[in-house]
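In case you want the letters, here they are:
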Amino acid sequence: MPDWKHEIRRRLAGVKLEPAREAAIIEELVQYLEDCYAELLSSGATEAEAHQRTLAELRGSEFLARELRRMERQAPQEPIVLGTNRRTKMIADLWQDLRFGARMLRKTPGFTAVAVLTLALGIGACTAIFSLINAALLRALPFPDSDRLVVLWADNPALSLGSLSSPPANADIAAWRHHNESFAHLTAISPRTADLADGENPERVGAAGVTAGFFETLGVTPLVGRTLAPDEEAPGAPPVVLISHGLWQRRFGGDAALVGKSISVNGDKRMVIGILPPEFDFPRGAEWPAFYPFPGRTEVWLPLGFRARDDGTGWSNWESRVERGLVVVARLKRDISLRQAQAEMDAFAVREANVHPDSHKGWSIKLVPLSKQVAGRSQKALLILFAAVGLLLLIACVNVANLLLARGVARQQELAVRAALGANRIRLLRQMGAECLLLASLGSGLGLLVAEACLKIFLALNPLTYSRLDEAALDLTALGFAAFIALLASVLFGFVPALQTSRFDLRGSLQEGSRGAEGAVRDRIRGWLVAAEVALALVLLTVAGLMVRSFWRVQAAPTGFRSDSVLAFDVQLPDARYPGEAPAAAFFQQLITRLESLPGVLGAGAISYLPLGGGENMGSFVIDGAPPVIPGSEPAAERRWATPGYFATMGIPIKRGRVFQLTDTDDHPQVVVINETLARFFGERDPVGQRIKVGGAWRTVVGVVSDVKSGSLEEEIRPQLYLPHAQWAWGEMTVVAQTEGDPLAQASAARNELKALDPLLPAAKIRTLKQVVSNAASVRRFNTALLAFFAVAALLLTMLGIYGVVAFLMGRRRREIGIRMALGAQSRDVLRLVLRQGMKPVVVGCIAGLAGSLAATRLVASQLYGVSPTDSLTLGGVMALLLATALLACWFPARRAARVDPMEALKTE
Amino acid sequence: MSTINSQKFDRELKKGGAELLVLSLLEARPRHGYEVRKLIEARSDGVLKFNAASLYLLLYRLEKRGWIEGRWVEKAGQRRRRFYKLTKDGKKALAAQRSIWESFVAAINRVTRPENA
C-alpha cells in the first residue's frame, strides 16, 4: 500500500493545523484514498494505474488547504485575559457596572441632583457632628498613657450636694501623697489667676496652683527648663513659676533667656523655671464642674503653697480634714487596674470614717478616669445630637429610596429588554447596587462640603464651655466615618428598591401601558416608606420641640437679679501689697465710692462670686435653737462675701429686714444676710434676729433676700448666705456697677478709677451681666439650636418626600382620574381621593411616631427643664405641624390632579 | 410560489447544488466520505463526480456551518471511520435548498415549455 499519509501531509503542510485536528483529517483522507485504491485494484487496474488515479483524487487539494486555513483562522479565539482569576473578573465587572451606572445617572439629571443633595445633607450633618464627638469624646487626651489618669472625688449622700461630687479633704490628699499602693504619681490642683504686671499692660491670665508632682503625673516635660521641685511647693520657698508656650511667645516675645529671669506675678517677683510645650494648657475650665473656676486655658503654673500644718491662721494646710477644695489627679501604676485602685480607696474611706467620724463619716472616694471627667459635661448632649442627626440621615435615605422606587418603575422597559437579552436577576441587582454606591459616593463627596460648612457654623456658635470642640476638624477619622455612612446609606436606601425593581413580569413589562400586580406592591412599599419617614420626623421634632420649650423656660426663669445695665469686672489684690483684711476692705470701699461718683453710674458694689459667673464656696451652717444634727452632716450653704451696695446694684429684692450697711464693720456685731431658701430652715420663726453659726462664729441674721440663680440657670436654688465684706474681707472680688444705658460705655471710666487707686491692678474680664446670663445659657442654646436645625431639615425632607410620592402616584393614575372625571366625578371628589391617599401613610406614621417619641423623650429627660417628657402641648403641637405640612405637600399634586382634563388624560398614556 | 432570494440563488447555481446533493444523501442515514462519493457517482450515472479534495472541502464546510456532524465510529474487525449525519439545522437547510431548487426547475420548465400555436 502506498504511503498516502506522506502525500496528504505534504499538501496540507502550509495550513499549520493543530496537531490533533491534522491527524484526524489525515486519517480520514488516508482511508478515503485506500478505499479508492482498493476499489481500482479490484476493478482490474494495475498498481501503477490505481496509484496514479488515486493520486488524482487529491487534485485541487490546494483549495482544500486554503479552505482549511480559512476555517482555522475563523475559529473562535479564547479571550486571553491577563492574570485571569475570579477577583480580577469581579473588579472588571464592578468597573463596568459603575460606568454603566454613571451613564444612567447622567441620563436623569433631575433625579440624580435631588438624590445627591438629599444624601449630602444627611451625610454632611452626620459627619459634622461626628467630628465634634471625635474631638470631645473619642480622641485620647494629649498625655502619654492617658487611660492611666484618674481624678479622685469624694461623695457623701447625706449632704445635699445634688449630683455633684465633692473634692477630697486636704488631709486625705496628704495621706495619699505620703503613702499609697495604687498611684505612681499624684497631684493636687487649685484654680488661680495671675496678674502679670511687667511693662505697660498689666494682664490677667488663667493660672493653677499645683503640687510638685503635677507635670510628672500628666507625663509632660517642659520645652525649656524644669518642673517644680518638692521643696518649692510650700510657702516660704523661693518663688518660682512655669509659663505656657503661648504666653511666652505673646508677652515675652519668645525670649530665649527667659528661664532664670524673674517676672511679676500677682505683685510678687517669681523666677521662671520652665516653659511648657505648645498646646499644653491643662487644666481647662470647661472640663471641670462650675464650682472650680479654672480659667478657659491655664497659662501660668504656680506652686500650690499649702502649709504643712494648721497654724491657726486659717490658711489652707495639709492637716485640715474639713477643707475640701483641690482637684486631685493621679496616674495609676502600670500593673494596677482601676478596680484595684478603687478598692484601695474604699478601704481608706472606711478606715478614715472609723478613725475620724466627725469629719469623715459617710464619705466615700470615687475614681473617675480623666478622659471621662473631661468629656463629662458634653457627653450626653453630644450623643443626643448624634442620635438626632442619625434620624435625619435615615429620613434622607427613605426619601432617596422612594425616588429610586419611582425611577425603577420608569425603567421597567429598559430592564425588561436587558433581562430578555440574558441579564439575570443577580446581574441586575449588582447593576443597581453599583448605581446606589455611585449616588452615595457623590452624596458623601458633596456632604463633606456640607460638613465643613456645618462645622464652621457649629464652632462659631460653640460655647467654649465645651472643651476640645475647637479641635474638631474634618480629619482622616471623620473622612473614614463619612465613607462608612455613605456605604451604609447606600445599602439602606438601595436595598428595597433594588429588590423590588429587579423582580418584574417580563412579558408584562415589554407590553405598552402595562402595570400589573407589581405596581400595587410597589405602591404599598412606598406608602410604608412615607410612614417610616413621618414617624422618624415626628420623633425628631418632638425632641427638638421639648428642648426648645425647655430653653424658653430656662430663659424665662427669673434669675433673681437685674441682668441689664450692669457692668462687672474682677479685681485681685496681691497679698504683698494688701496684707490682711483691713487693707482689702478699705480698698474695695474706696473703689466703690469712686465708681458711684461717676456720671452714668447709679450704684456699685462687690461680691466674691458673681451669680452664674462660676466659682463657689460652700460652708456648713448651724441654726441657733434648731434640733442638733449629727456632726459631719450639717446642712451646707453657698457663701458669698458682699459689700453693702451689692444688693441694690444687682436689683436683688429684700424680703425681710435689711441688707448690709456701712456700719457693719469688723468692730460691730457680726451679721449675715440669708436667702429665702435658707429662711425656710427656720420653720415658722422669723429668721431676722436669729443666730447662725458660719465659719466657726455666731452671726445674727439681719435680712432675707430673694433667691438668686447661682451655679447654672437650671440648678435648684440652694441655701445662700451673704457675709459683709467689711467683717471678713477677701482680696479677690468681682465689682459690679449699675449704669444708665450701655454698661460697656462706662468700662474705660471704671478702668481709670481702678488705675487711679492702683496702677498695677488690671480690671480683668470686663463684661456685662447680660453676657454672663447669656453665657450661662450658651450650652443649652447651642444644643437646642442644633436640634431645632436638624428637626426643621427633617421636616422639609419629609415634606419633599411626601410631595414626591404623591405627585408620582397621581402622575401614574392620570388615566384613571380622567376616566373618573369623564364618568362624572367632580374636582372636589378627586381632591378628596388624592388627599385621602396621600395622608393615609402620614397618619400611620404619626401614630408610630407617637409611640417612638414617648420612648425617645424619656431618654432626653435629663436635659429638659420645666417641661415633662410627655408634655401633651408639645406632642400635640408637633403632630399638628407635621400633619399640616403633609397636607400642604399633598395639596399641590391633588390640585393638579383635580384639574386634569379628562379628554387629555384618556388620550395620552 | 416562494420568493427566491436572488443572491442565494446565484451562489447555489455556482456550486451546482453540490451541498444539496450531499445533504440529501445524508438524510436517509449517516455515511462516510467515500460512500457519499460513490453514491453521487452511481445515482447520477457517472455524470456528477467528486474527488477527495472537493468532497472533503464540502464536508468540512458543512460541518463548520453546523449542518452535518462528523463522528468516528469503530466497528468490530475494522478500522475506525468518520461518519457524517444531518443535524437539525441541516435538515432545515436541506428543505430550504430543495424548495429553491424545485422552484428553479419549475421556472425553467415553464419558460422552455413548447408554445401552443
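Residues numbered from 1 in each chain as written. Chains lettered and ligands numbered in written order. Predicted model: local features only at pLDDT ≥ 70, side-chain atom pairs only at ≥ 80, totals over all residues. Heavy atoms only, no water.

K.L.:
What's the story with the overall build of chain B in this structure? I'm lost.
P.N.:
Along its length, chain B carries 5 helices and 3 strands. Sequence-ordered secondary structure for chain B, helices as α and strands as β, is α-α-β-α-α-β-β-α. Taking the intrachain contacts of chain B between residues at least 6 apart in sequence as the baseline, contacts between residues at least 24 apart amount to 51%. (Helix = DSSP H or I, 4+ residues; strand = E, 2+ residues; numbered from the N terminus. Contact = heavy atoms within 4.5 Å.)

K.L.:
Is there a simple way to think about the overall build of chain A in this case?
P.N.:
Within chain A, the secondary structure is distributed over 27 helices and 21 strands. Burial analysis of chain A (909 residues in total) assigns 51% to the buried set. When contacts within chain A are restricted to residue pairs at least 6 apart in sequence, long-range pairs at least 24 apart make up 81% of them. (Buried < 20%, exposed > 50% of the residue type's maximum accessible area, 1.4 Å probe, protein only.)

K.L.:
It is not clear to me how the sheet that holds strand β3 (residues 81-86) of chain B should be interpreted in this structure. Could you clarify?
P.N.:
Sheets are built from strands that pair by backbone hydrogen bonding, the pairs being arranged parallel or antiparallel. Residue and element names in this part refer to chain B. If you trace the 3 strands from one edge of the open sheet to the other, you get β1-β3-β2, paired in antiparallel fashion. Only two strands of the sheet have a single neighbouring strand rather than two, namely β1 (31-32) and β2 (68-73). Where β2 and β3 come together, 6 bridges link them in antiparallel fashion. Within the sheet, the bridge partner assigned to Glu 69 lies in β3 and is Lys 85. (Pairing = 2+ DSSP bridges.)

K.L.:
Could you clarify how one ought to interpret the side chain of A:Ser182 in this entry?
P.N.:
Its location among the elements puts A:Ser182 in the loop between α7 (170-178) and β2 (183-196). Residues in contact with A:Ser182, not counting those within four places in the same chain, are A:Arg331, A:Leu332, A:Lys333, A:Ile336, A:Gln340, A:Ala341 and A:Glu344.

K.L.:
What am I meant to see in the pairing of strand β13 (residues 618-623) of chain A here?
P.N.:
Walk down a regular strand and you will see the side chains alternate between the two sheet faces. Residue and element names in this part refer to chain A. Residues of β13 alternate between two faces, with Gly 619, Phe 621 and Ile 623 buried on one and Met 618, Ser 620 and Val 622 left unburied on the opposite face. As paired strands, β13 and strand β14 (residues 636-642) are joined by 3 bridges and run antiparallel to one another. Residue Met 618 lies in a different strand from β14, and its bridge partner there is Glu 638.

K.L.:
Sorry, what's going on with the pattern of salt bridges here?
P.N.:
It is possible for side chains of opposite charge to pair when their charged atoms get near one another. Tallied over the full model, the rule gives 44 salt bridges over all chains. The shortest N-O distance in the salt bridge between B:Lys38 and A:Glu39 comes to 2.1 Å. Residue B:Lys38 is located in helix α3 (residues 33-43), and its partner A:Glu39 is located in helix α2 (residues 19-42); the two belong to separate chains. Residue classification places B:Lys38 among the partly exposed positions, given a relative accessible area of 29%. Assessed through its relative accessible area of 28%, A:Glu39 is described here as partly exposed. Counted as one network, the salt bridges with shared partners bring together A:Glu203, A:Arg250, A:Arg251 and A:Glu299. (Salt bridge = Lys/Arg side-chain N within 4 Å of Asp/Glu carboxyl O.)

K.L.:
What am I meant to see in a positive patch on the surface here?
P.N.:
All names here are of chain A. On the surface, Lys 16, Arg 66, Arg 69 and Arg 73 cluster together into a patch of positive charge. Position of Arg 66 among the secondary structure elements: in helix α4 (residues 61-74). We classify Arg 66 as exposed; its relative accessible area is 51%. (Patch = residues over 30% accessible without salt bridge, like charges linked within 9 Å, V, L, I, M, F, W, Y side chains within 5 Å. Areas by Shrake-Rupley, 256 points an atom, 1.4 Å probe, with all protein chains shown as cover. Lys, Arg positive; Asp, Glu negative; His and termini not counted. Charge placed at Lys NZ, Arg CZ, Asp CG, Glu CD.)

K.L.:
Looking at this model, I keep getting lost on the confidence of the model for chain B. Mind explaining?
P.N.:
Caution is warranted with low-pLDDT regions, since their predicted coordinates should not be read in detail. All names here are of chain B. Per-residue confidence for chain B gives a mean pLDDT of 83, with 85% of residues at or over 70. By mean pLDDT, helix α1 (residues 6-15) is the weakest element of chain B at 55, and β1 is the strongest at 94. Interface predicted TM-score (ipTM) for the complex: 0.87; the corresponding pTM is 0.66. (pLDDT = per-residue confidence, 0-100.)

K.L.:
Just checking my understanding: could you explain the interface of chain B and chain A for this structure?
P.N.:
Many analyses report the size of an interface as the accessible area lost when the parts associate. Chain B puts 21 residues into the contact, and the matching count from chain A is 25 residues. Taken together, chain B and chain A are joined by 6 salt bridges. Between B:Arg79 and A:Glu34 there is a salt bridge, with its nearest N and O atoms 2.6 Å apart. When contributions to the side of chain B that touches chain A are tallied by element, the ones reaching two or more residues are α3, α4 (52-65) and β3 of chain B. It is α4(B) that provides the largest number of residues to the side of chain B that touches chain A, a total of 8 residues.

K.L.:
For this particular structure, what's the right way to read unusual backbone geometry?
P.N.:
Trans is the prevailing form of peptide bonds, just as negative phi is the prevailing case for residues other than glycine. All names here are of chain A. Phe 282 connects to Pro 283 through a cis peptide bond whose omega is -5°. In this fold, Pro 283 is placed in the loop between β7 (268-275) and β8 (300-303). Positioned with a positive phi, Leu 612 is a non-glycine residue whose angle comes to about 65°. Take Leu 612: it is sitting in the loop between β12 (601-607) and β13. Of the residues examined, Leu 612 reaches a relative accessible area of 8% and is grouped as buried. Positive phi values are uncommon outside glycine, yet Lys 765 reaches one of about 50°. Structurally, Lys 765 is set in strand β21 (residues 764-768).

K.L.:
Whenever I open this one, the confidence of the model for chain A confuses me. Can you help?
P.N.:
All names here are of chain A. Mean pLDDT over chain A: 86, with 93% of residues reaching 70 or higher. At the low end of the mean pLDDT range in chain A sits helix α16 (residues 506-510), at 50; at the high end sits helix α19 (residues 646-650), at 96. Considering only residues more than four positions removed or in separate chains, one finds that residues 77-81, a stretch of pLDDT under 50, has 0 contacts. Across residues 510-514 the pLDDT falls below 50, and counting only partners more than four positions away or on other chains, this stretch makes 7 contacts in the model.

K.L.:
Looking at this structure, I do not really get the nonpolar core. What am I missing?
P.N.:
Note on soluble globular proteins: their nonpolar side chains tend to be buried together. Of all hydrophobic cores here, the largest spans 99 residues; its most connected members are A:Ile129, A:Leu439, A:Phe458, A:Phe493, A:Leu787, A:Phe790 and A:Ile802. It is helix α12 (residues 370-410) of chain A that contributes the most residues to this core, 16 residues altogether. Ignoring sequence-local partners within four residues, the contact set of A:Phe458 consists of A:Ala128, A:Ile129, A:Leu132, A:Phe782, A:Leu786 and A:Phe790. Core analysis: the next-biggest nonpolar cluster, separate from the first, contains 46 residues, A:Ile26, A:Leu29, B:Tyr34 and B:Leu39 among them. (Core = buried A, V, L, I, M, F, W, Y, C linked by side-chain atoms within 4.5 Å.)

K.L.:
Can you help me understand the environment of A:Tyr609 in this one?
P.N.:
Residue and element names in this part refer to chain A. Take Tyr 609: it is sitting in the loop between β12 and β13. With a relative accessible area of 16%, Tyr 609 lands in the buried category. Put simply, Tyr 609 and Pro 293 are 316 residues apart on the chain and 9.9 Å apart in space, counted from C-alpha to C-alpha. When neighbours within four sequence positions are excluded, Tyr 609 is seen to be in contact with Gly 614, Gly 615, Glu 616, Asn 617, Arg 639, Arg 640 and Trp 730.

K.L.:
Any chance you could explain the side chain of A:Thr677 here in plain terms?
P.N.:
All names here are of chain A. For Thr 677, the location among the structural elements is in helix α20 (residues 676-679). When its relative accessible area of 10% is taken as the criterion, Thr 677 is described as buried. Setting aside its immediate chain neighbours within four residues, Thr 677 contacts Asp 707, Ile 717, Arg 718 and Pro 719.

K.L.:
Got a minute to help me understand helix α18 (residues 581-596) of chain A in this structure?
P.N.:
Side chains that are three or four residues apart share a direction in an α-helix, a result of its 3.6 residues per turn. With 16 residues, α18(A) extends 23 Å from end C-alpha to end C-alpha; this agrees with the ideal 22 Å at 1.5 Å per step. Next to the buried residues of α18(A) lie β11 (566-572), β12, β20 (732-739) and α21 (747-757) of chain A. (Expected span 1.5 Å × (residues − 1).)

K.L.:
Please explain a nonpolar patch on the surface as it appears in this structure.
P.N.:
Residues and elements named next belong to chain A. A surface patch of nonpolar side chains, about 360 Å² in accessible area, is lined by Leu 394, Phe 484, Leu 488 and Leu 492. Broken down by element, the nonpolar patch gets its largest block of residues, 3 residues, from helix α15 (residues 476-502). Turning to its location among the elements, Phe 484 is positioned in helix α15.

K.L.:
Would you mind showing me how to read the environment of A:Val860 here?
P.N.:
Residue and element names in this part refer to chain A. Mapped onto the secondary structure, Val 860 falls in the loop between α25 (827-859) and α26 (872-898). In this structure, the C-alpha to C-alpha distance between Val 860 and Leu 546, residues 314 residues apart in sequence, is 9.3 Å. Not counting chain neighbours up to four residues away, the residues in contact with Val 860 comprise Ile 384 and Val 543.

K.L.:
What exactly am I supposed to notice about helix α9 (residues 245-252) of chain A here?
P.N.:
Residues and elements named next belong to chain A. Those residues of α9 that sit buried are His 245, Leu 247, Trp 248 and Phe 252. The buried residues of α9 occupy an angular sector of 165° when projected down its axis, which confines them to one face. Tucked into the core, α9 has its buried residues touching β2, β3 (203-210), β5 (240-243), β6 (262-265), β7 and β8. Just beyond α9, the residue with positive phi is Gly 253, at close to 60°. (Arc of directions from axis to C-beta.)

K.L.:
Whenever I open this one, the environment of A:Glu287 confuses me. Can you help?
P.N.:
As for its position among the elements, A:Glu287 is in the loop between β7 and β8. Between the C-alpha atoms of A:Glu287 and A:Val374, which are 87 residues apart in sequence, the distance is 4.6 Å.

K.L.:
I keep staring at the packing of helix α22 (residues 769-776) of chain A against helix α23 (residues 778-812) of chain A and nothing clicks. Help me out?
P.N.:
When two helices pack together, their arrangement is given by the angle between the helix axes and by the axis-to-axis distance. All names here are of chain A. Running from amino to carboxyl end, α22 crosses α23 at an angle of 50°, the nearest separation of the two axes being 4 Å. Between α22 and α23, the interaxial angle falls into the category oblique. Along its contact with α22, which presents Ser 774, Asn 775 and Ala 776, the element α23 presents Ser 778, Val 779 and Arg 781. Looking at side-chain class alone, the contact of α22 with α23 contains 2 nonpolar, 3 polar and 1 charged residues. (Axes fitted to C-alpha atoms, helices over the stretch in contact; angles between N-to-C directions. Parallel < 35°, antiparallel > 145°, perpendicular 65-115°, else oblique. Nonpolar A, V, L, I, M, F, W, Y, C, P; charged D, E, K, R; others polar.)

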